[in-house]
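A closer look at the structure
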Amino acid sequence: MTRPLIGILGGTFDPVHVGHTQLAQDAIAALGLDRLRCVPAGAPPHRAAPEAAAEHRLAMVRQAFAGMPVEIDDAEIRQAGPSWTIRTLERLRGEMPDASLVLVLGADAFLGLPTWHRWEDLVRYAHLAVANRPGSDLDPAAMPDALKHLFQAHQSADMAALRDRPAGHIVSFNMTPCAVSATQIRAALRQGRPITALVSVPVEKYIQQHHLYT
């Protein structure tokens, strides 16, 4: 059975920037994804509330990923309560029972998994794909013990194996270096500095039109 391989990329996207789109492109290419589901968070439980309203963040995400094999999923924004990743994976597994789901994470997010709600259950619903900067492979010695045990139990170097089962592997892939951050962009806007190289043209125009982050 050839399973569709669907990536899942979450985040606050406050605002969405070139680092996000580069990560999406790298994940699609490195993992061989059939498509990627982008899921903007509504009420992220692990950080302060986003500065931009949900409808603005959603609109910017739609513009940033236009033309890419990316589907925009607004369920977390529409739902009540915190945007638990496990809750989203449970929903997507119900929607796509025959697909292989791959949750795409940055290395920093992966190392912080033990603070997430029901984090050990994530591999029951999806594979985990951790984006590394070139030359900086994940080091189990740097992981908390519980995360190290999960990593060692589920680690795989075989990208092709992601299609063999619907969930359960942890893989890593190299991402193109990109130092852009949403914090940096918001600070630049507050200070009246240009953000032309940090976000796509449509996103920059949207921010200006709606006077966001000023």
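Residues numbered from 1 in each chain as written. Predicted model: local features only at pLDDT ≥ 70, side-chain atom pairs only at ≥ 80, totals over all residues. Heavy atoms only, no water.

1. Points about the side chain of Arg-57
With respect to the element layout, Arg-57 can be found in helix 2 (residues 54-64). We note that Arg-57 is buried and unpaired, the nearest opposite charge coming from Asp-14 at a distance of 4.7 Å. A distance of 3.4 Å separates a polar side-chain atom of Arg-57 from the backbone oxygen of Gly-42. Not counting chain neighbours up to four residues away, the residues in contact with Arg-57 comprise Thr-12, Phe-13, Asp-14, Ala-41, Gly-42, Pro-50 and Ala-52. (Helix = DSSP H or I, 4+ residues; strand = E, 2+ residues; numbered from the N terminus. Buried < 20%, exposed > 50% of the residue type's maximum accessible area, 1.4 Å probe, protein only. Lys, Arg positive; Asp, Glu negative; His and termini not counted. Salt bridge = Lys/Arg side-chain N within 4 Å of Asp/Glu carboxyl O. Polar contact = N/O pair within 3.5 Å; in protein donor to acceptor, adjacent residues only side chain to side chain. Contact = heavy atoms within 4.5 Å.)

2. Side note on the packing of aromatic side chains
By the definition in use, this model includes one aromatic pair. Consider the rings of Phe-110 and Phe-151, whose centres lie 6.0 Å apart with planes at 65°: the pair is edge-to-face. Residue Phe-110 is located in helix 5 (residues 107-111), and its partner Phe-151 is located in helix 7 (residues 145-154); the two are separated by 41 residues in the primary sequence. For the residue pair Phe-110 and Phe-151, the accessibility class agrees, reading buried in each case. (Phe/Tyr/Trp six-rings, centres within 6.5 Å; stacked < 30°, edge-to-face > 60°.)

3. Describing the pattern of salt bridges
The final tally for this structure, using the stated rule, is 15 salt bridges. Of the charged contacts in the structure, one is a salt bridge between Arg-163 and Asp-34, with a shortest N-O distance of 2.9 Å. Separated by 129 residues along the polypeptide, Arg-163 in the loop between helix 7 and strand 6 (170-174) and Asp-34 in the loop between helix 1 (18-31) and strand 2 (35-40) bring together distant segments of the chain. The class for Asp-34 is partly exposed, based on a relative accessible area of 40%. A salt bridge links Arg-118 to Asp-121, with the shortest nitrogen-to-oxygen separation between them at 3.1 Å. Arg-118 gets classed as partly exposed once you look at its relative accessible area, which sits at 32%. Three or more residues joined by partner-sharing salt bridges are found here, namely Arg-35, Arg-37, Glu-71, Asp-73, Arg-91 and Glu-95.

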